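Breakdown of the fold
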Amino acid sequence: MIEVRGLTKRYPGRTVTRNAVDGIDLEIPEGKLVTLLGPSGCGKTTTLRLIAGLERPDAGEIRIGSRLMCAPAEGVFVGVHHRPIGVVFQSYAVWPHMTAVQNVMFPLQSGQKRMGRTEARRRAMEALEMVGLAEFADRPAPALSGGQQQRVSLARALTREPEVLLLDEPLSNLDAGLRDRVRDEIRSVQQRLGITTVFVTHDQDEALAVSDEVVVMDHGRIVERGQAQDIYRCPREEFTARFMGISNSLPGTVQEGGQDMAEISLAHGRLRCLTPAAAPVGSRVNVFIRPESLRLSRKDSSGRGWKGTVEFSIYHGDCWDYHVRVGDTLLRSRMYREKVGLAHGDPVFVVPEEETAIAIADKIAASDGAVADKDESWAK
Amino acid sequence: MSLISRSRPAPPPALADPRRPARSTQGLRGWFRDPRNLLLAVVALVVAYLAIVPAATMGVASLQSQFLSTGPVHWTFRHYTETLGTADFWTLVGNSFGYAAATAVISTVIGFGLAYLVARTDTPAKFFAQVAALVPLIIPGILNTVAWALLFAPHTGALNVLLRDVHLPAFDIYSLAGMVLVQSMHVTPVAFLMGTAAFSQMDSSLEEAALASGAPPLRVFRTITARLIRPAVLSAVLLMFVQTISTFEVPQLIGVPGRTFVFVSRIYNALQAFPTDYGTVGVIGVFILVVATLGLWLSRRLSGPGAGVQTISGKGYRPTVTELGRWRWLGLAAFVLFFVVAVALPLLMLVWSSLLPGYEPPSWSALHHLTLSNYREIWHTPGLVDSVRNSLITAVLAGAVVTVLSSLVAYITVKTKARGRGLLDGLATIPLAVPSVVMGVGILYWYLSMPLPVHLYGTLTILVIAFVTIGLPYGLRYIVPGMAQIKDELEEAAAASGASWPRTFWRIYVPLLVPSLAAAFLYTVIVAFREISAAIFLYTQGTQVVSVTIYQQWSNGSYPVVAALGVVIVVFLAMIVAIVRLLTRRFGLNRQ
């Protein structure tokens, strides 16, 4: 278990108003994998490095298990090499002057509890076997592929049987195909060992795939946290909705409130939407619609379609993204079909799917633009 | 317990371990407990001591009424007013600046010209120029000077004999022009290396863009290439100037016989005289120091940040090559001429004189006298073997100390965020700006005047201290880029594996740095082995090093033995240089 209270890290040597990590409270339950998700510069990697002890916090407390790791207020700081952790770095950090097995043996021979060469080798081999690399044990590290190096790095982080596994964007240096395999490997090992794990990433698909729980971060703060499927299905914050790739957003007003649903009136018509928080009738909301929830058709058979024109299309292989201008807004619609056959300038009707769009209270309207800078970094 | 079978949850519940906080950092005591901070403090002190002492002592000596005397001492500007007021001093300034400026311009023009041919044209046989570039490493300055003195000795010099045979006037080497010639030949290869670095690091797409804009090649050279290279040229001129103004051998061996004095020879001769005028020496020393510092500072500013490592880093790409057509044979001629003049002539002269019992110019009749007796003589010349041993000991010790010290400095400046690391970096480069002569005299003054518990004057230690100080910036030049290439994560991964800092340094950094460490070590050995400008002031009976012995044997007129010893030294240094080359090449390829 990891417990973080009021963790704060200032940017070194700069007088910036924002902190790199700005008073984070976080609990990572025993045996769970929690993802820190956010755009670059949101403080997720800094948080991980603070937990590892690679950086010193300016304020706050970190506990691993029941032991206090650092508390600047009390002058407590346990050095990295005294913490019960294993770390996997973005760049693998596999030592190039050693073989795979030597890399994995290092923590057993240089750590706080040391063991003999044969015992260390035996355990290192077990760890390599676990990540499916036993046959490459005596290869020099640079002779391994990126994916293999990252698995060596994982084995190395685990041989010492740490209480906590810390993964800093472990997949982002890998090719697309390998990424999925190493991701699956990480998740399967983590669940088999039941090790408490923090996984840092900027990729929402990765986060959804591996996590028990997702923590979304922005500007050094936690935006929201929850089970992966909840974060995906019904995000509570605009930032999360945008970051999860729900790119269509339309302003609207609540017509009829409900428990989890509300009837929203938009510029082009009405739509039943999910509401993560209570939405009083008459309040202003932003409605977020997934591209795959917008269907396109040439005829408006349902009578609910919004009339627009096709601007351009992007082909993804398994789907098409059509950008359609409806009034002043450009909407993105995703079609999982081989051939759609729409071209620039074609008139088309956009039909929104009911009960999948999310209505989130419009904070800008509510507070008169005071949080106007909130949106600058969502695009990444 | 194996990894797979381990049961979870493993850690025992609750209750903070009372011993934990004791391991943590607390206030000042904690600061000292982190080995890295202690290291920073120690390294900073050592580097500061080495860097500041010589120059500062020189400054103090120039400001004291008496130095090294029992009488009362007070502060005064007397030495400055007296020295700067004499016409003699300004003749000295004129000579020195003329000598250094002419050398700097000539060597830079030749060096950059050749560099352009090598880096940016299709001139054949670039090999000649590249081998010639190794000369200053392989042929110590003192040997180069000796060889040129033999080539152009007024009556018997081989080239002068040749000139007379074709009815041309002989060239008097013992003149300002002679000094410029010899020193230029010695430093041109350095300018060539700087030029090669500058030309091959230039992004050729800038020139291609100009060509694509319709500019003819000559115009591109004038408006783009020449403009881009200008800072590097100016920087090279200044560097050659500083190097020339602060070395000993040419002014003493070539200048003094022709009564042409410059700063360095004046200092040396003033220190030989009795009673020694320490104050005047101090004033001249401070003057050179100021000139050198200014020159180096300007040179740095011109070549921009990171210029210090320019010569050994270098990107993988090959800049586009200009085709010279028929003109490339002219380029080839330039290579061959440069090779012959800078390498072949001096080396052949050394070999030739080493094979004759007494010096005579090359001729058919002289061939009958060829003998190897001079090589045997090396063993019987008093003090010679001792001086070789002294040189080896001091050079190897200095190499070892420089390697350790500069790897620690490099670690602190590159890998930590410790406060004061910028200052440390600055301190470690100070010795570059302190001319070797000032270094020698400053160290001499310091250890003569300070009531230190251990008496170092007259020991080999004092020479090692000088060589370490001189070698430190060069050591850093090899190790800093090597250190910078190692990703921080490799250290962090070791710490996260539970390894303490010293263990991390030993198991991760040292093995990864082996090529840079070895190159730094060997390069320092070469620098120390050739060094004479500081050693000439620091040796005493019994602590002579080989460069000093060569100078003395030369002064005694035993040319053949000097030549034989020279040949041996050149072979020895050539072998070390070959190893360094091999190492740096591998190290350049293996790690990205």
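Residues numbered from 1 in each chain as written. Chains lettered and ligands numbered in written order. Predicted model: local features only at pLDDT ≥ 70, side-chain atom pairs only at ≥ 80, totals over all residues.

Labelled according to an unreviewed UniProt entry, chain B appears under the name Iron ABC transporter permease, originating from Actinacidiphila acididurans. What UniProt states about chain B under its Sequence similarities (unreviewed entry) heading is, verbatim, "Belongs to the binding-protein-dependent transport system permease family." (UniProt positions renumbered as here; feature names shortened; annotations may be inferred.)

Per an unreviewed UniProt entry, chain A carries the name ABC transporter ATP-binding protein and comes from Actinacidiphila acididurans.

1. Structural notes on the overall build of chain A
Of regular secondary structure, chain A possesses nine helices and 21 strands. For the C-alpha atoms alone, the extent of chain A along its principal axes is close to 75 × 50 × 40 Å. The 380 residues of chain A split such that 45% are buried. Taking as baseline every contact in chain A between residues at least 6 positions apart, the subset at least 24 positions apart corresponds to 66%. (Helix = DSSP H or I, 4+ residues; strand = E, 2+ residues; numbered from the N terminus. Buried ≥ 20, exposed ≤ 12 C-beta atoms within 10 Å, placed from the backbone. Contact = placed C-beta atoms within 7 Å.)

2. Details of the overall build of chain B
Looking only at helices and strands, chain B features 26 helices and zero strands. By residue count, 46% of the 592 residues in chain B fall in the buried class. Of the contacts made within chain B by residues no fewer than 6 positions apart, 81% connect residues no fewer than 24 positions apart.

3. Points about the UniProt feature "domain: ABC transmembrane type-1" (unreviewed entry) in chain B
Taking the UniProt record as the reference, the feature "domain: ABC transmembrane type-1" (unreviewed entry) is found at residues 93-299 and 388-580 of chain B. Strand forms 0% of residues 388-580 of chain B and helix 81%; the C-alpha atoms that close the span are 21 Å apart.

4. Digging into the confidence of the model for chain B
Residues and elements named next belong to chain B. When the pLDDT values of chain B are averaged, the result is 80; 89% of them are 70 or greater. Across chain B, the secondary-structure element scoring lowest on mean pLDDT is helix 1 (residues 20-23), at 39, and the one scoring highest is helix 18 (residues 384-415), at 91. Scoring the predicted complex yields pTM 0.76 and, for the interface, ipTM 0.76. (pLDDT = per-residue confidence, 0-100.)

5. Remarks on helix 10 (residues 176-201) of chain B
Residue and element names in this part refer to chain B. With 26 residues, helix 10 should reach 38 Å at 1.5 Å per residue; the first-to-last C-alpha distance of 36 Å fits that figure. Its axis deflected by about 35 degrees at Met185, helix 10 carries its strongest bend there, up to four residues before the proline Pro189. Helix 10 sits mainly inside the fold: 22 of its 26 residues count as buried. (Expected span 1.5 Å × (residues − 1). Bend = angle between axes of the 7 residues up to and from the residue.)

6. With respect to the pairing of strand 17 (residues 306-315) of chain A
Residue and element names in this part refer to chain A. Two strands pair when backbone bridges link them, and strand 17 and strand 20 (residues 347-352) are joined in this way by four bridges, in the antiparallel orientation. Looking at the pairing, Thr309 lines up with Pro347 of strand 20. As defined by bridge partners, strand 17 adjoins strand 18 (residues 320-326) across six bridges and the pair is classed as antiparallel. The residue bridging Thr309 from the neighbouring strand is Arg325, located in strand 18. (Pairing = 2+ DSSP bridges.)

7. A look at the packing of helix 3 (residues 35-63) of chain B against helix 20 (residues 436-449) of chain B
The description of two packed helices rests on the angle between their axes and on the distance between the axes. All names here are of chain B. Across the interface, helix 3 lies against helix 20 with an axial gap of 7 Å and an inter-helix angle of 75 degrees. With respect to their mutual orientation, helix 3 and helix 20 come out roughly perpendicular. Facing helix 3, whose interface residues are Val53, Pro54, Ala55, Thr57, Met58 and Ala61, helix 20 presents Val438, Met439, Val441, Gly442, Ile443, Tyr445 and Trp446. (Axes fitted to C-alpha atoms, helices over the stretch in contact; angles between N-to-C directions. Parallel < 35°, antiparallel > 145°, perpendicular 65-115°, else oblique.)

8. Looking at the confidence of the model for chain A
When pLDDT is averaged across chain A, the result is 87; 94% of the residues are at 70 or more. For the stretch residues 368-380 of chain A, pLDDT sits under 50, and the model shows eleven contacts to residues farther than four places along the chain or on other chains.

9. Description of the domain arrangement of chain A
The assigned domain composition of chain A is domain 1 (2-233) and domain 2 (246-368). Placing a centre on the C-alpha atoms of domain 1 of chain A and another on those of domain 2 of chain A gives a separation of 39 Å. (Domains from an automatic or database assignment.)

10. Points about the environment of Ser40 of chain A
Residues and elements named next belong to chain A. Looking at the secondary structure, you find Ser40 in the loop between strand 3 (33-37) and helix 1 (44-52). Of the residues examined, Ser40 has 10 C-beta atoms within 10 Å and is grouped as exposed. The spatial distance from the C-alpha of Ser40 to the C-alpha of Thr201 is 9.1 Å, given a sequence separation of 161 residues.

11. Focus on the sheet that holds strand 11 (residues 221-227) of chain A
All names here are of chain A. Strand order in the open sheet formed by six strands is 7-8-9-3-10-11, and the pairing between neighbours is mixed. Every other strand in the sheet has two partners, leaving strand 7 (85-88) and strand 11 as the edge strands with one partner each. For this sheet, the mean angle separating the axes of adjacent strands, direction not counted, is 15 degrees. Sheet topology places strand 7 next to strand 8 (residues 164-168); four bridges connect them, and they run parallel. The residue of strand 8 that forms the bridge with Gly86 is Leu165. Docked against the sheet, helix 4 (residues 146-159) engages strand 7 and strand 8, running at close to 170 degrees with respect to strand 7.

12. So, the packing of helix 3 of chain B against helix 21 (residues 460-485) of chain B
Residues and elements named next belong to chain B. At a closest axis distance of 10 Å, the pairing of helix 3 and helix 21 adopts a crossing angle of 115 degrees. Judged by the sense of rotation from one axis to the other, the crossing of helix 3 with helix 21 is left-handed. Contacts between helix 3 and helix 21 pair Leu50, Ala51 and Pro54 from the former with Val468, Thr469 and Leu472 from the latter. Tallied by class, the residues present in the contact of helix 3 with helix 21 amount to five nonpolar, one polar and no charged. (Left-handed = near helix turned anticlockwise from the far one by under 90°. Nonpolar A, V, L, I, M, F, W, Y, C, P; charged D, E, K, R; others polar.)

13. Brief notes about the sheet that holds strand 16 (residues 294-297) of chain A
What holds strands together in a sheet is hydrogen bonding between their backbones, with the strands either parallel or antiparallel. All names here are of chain A. Taken in spatial order, the five strands line up as 16-20-17-18-19 in an open sheet, and their pairing is antiparallel. Taken across any chain shown, the strands that pair with only one partner, and hence form the sheet edges, are strand 16 and strand 19 (329-335). Taken pair by pair, the neighbouring strands of this sheet meet at an average axis angle of 45 degrees, ignoring direction. With four bridges connecting them, strand 16 and strand 20 associate as antiparallel partners. Residue Arg295 lies in a different strand from strand 20, and its bridge partner there is Val351.

14. Quick look at unusual backbone geometry
One non-glycine residue, Glu169 of chain A, lies in positive phi territory at about 40 degrees. For Glu169 of chain A, the position within the fold is in the loop between strand 8 and helix 5 (176-193). Positive phi outside glycine occurs at Arg259 of chain B, with the angle close to 60 degrees. In this fold, Arg259 of chain B is placed in the loop between helix 13 (249-255) and helix 14 (263-272).

15. Here's the deal with the nonpolar core
Within the largest apolar cluster, 287 residues are counted, with the highest numbers of intra-cluster contacts made by Val198 of chain A together with Ala466 of chain B. Examining the composition of this core, we find that 15 residues originate from one element, helix 23 (residues 501-530) of chain B, more than from any other. When residues no more than four places from it in sequence are discounted, the contact partners of Ala466 of chain B are Met439, Gly440, Ile443, Ala534, Ala535 and Leu538 of chain B. (Core = buried A, V, L, I, M, F, W, Y, C linked by C-beta atoms within 7 Å.)

16. Describing the environment of Pro136 of chain B
All names here are of chain B. Locating Pro136 in the fold gives a position in helix 7 (residues 135-138). Residues Pro136 and Ile465 lie 329 residues apart in sequence; the distance between their C-alpha atoms is 23 Å. Pro136 has contacts with His186, Val187, Pro189 and Val190, leaving out every residue within four places of it along the chain.

17. Description of the pairing of strand 4 (residues 59-64) of chain A
The side chains of a regular strand alternate, first on one face of the sheet and then on the other. Residues and elements named next belong to chain A. The side-chain alternation of strand 4 yields one buried face, formed by Gly60, Ile62 and Ile64, and one unburied face, formed by Ala59, Glu61 and Arg63. Across five bridges, the pairing between strand 1 (residues 2-9) and strand 4 is antiparallel. If you follow Val4 over to strand 4, its bridge partner there is Ile62. Examined bridge by bridge, strand 4 and strand 5 (residues 67-71) share three bridges and lie antiparallel to one another. Note on strand 5: the bridge partner recorded for Ile64 is Arg67.

18. Some details on the environment of Glu206 of chain A
Residue and element names in this part refer to chain A. With respect to the helices, strands and loops of the structure, Glu206 is situated in helix 6 (residues 204-210). Residue classification places Glu206 among the buried positions, given that 21 C-beta atoms sit within 10 Å. In this structure, the C-alpha to C-alpha distance between Glu206 and Leu296, residues 90 residues apart in sequence, is 29 Å. In this structure, Glu206 is in contact with Leu171, Arg183 and Thr201, ignoring residues within four places of it in sequence.

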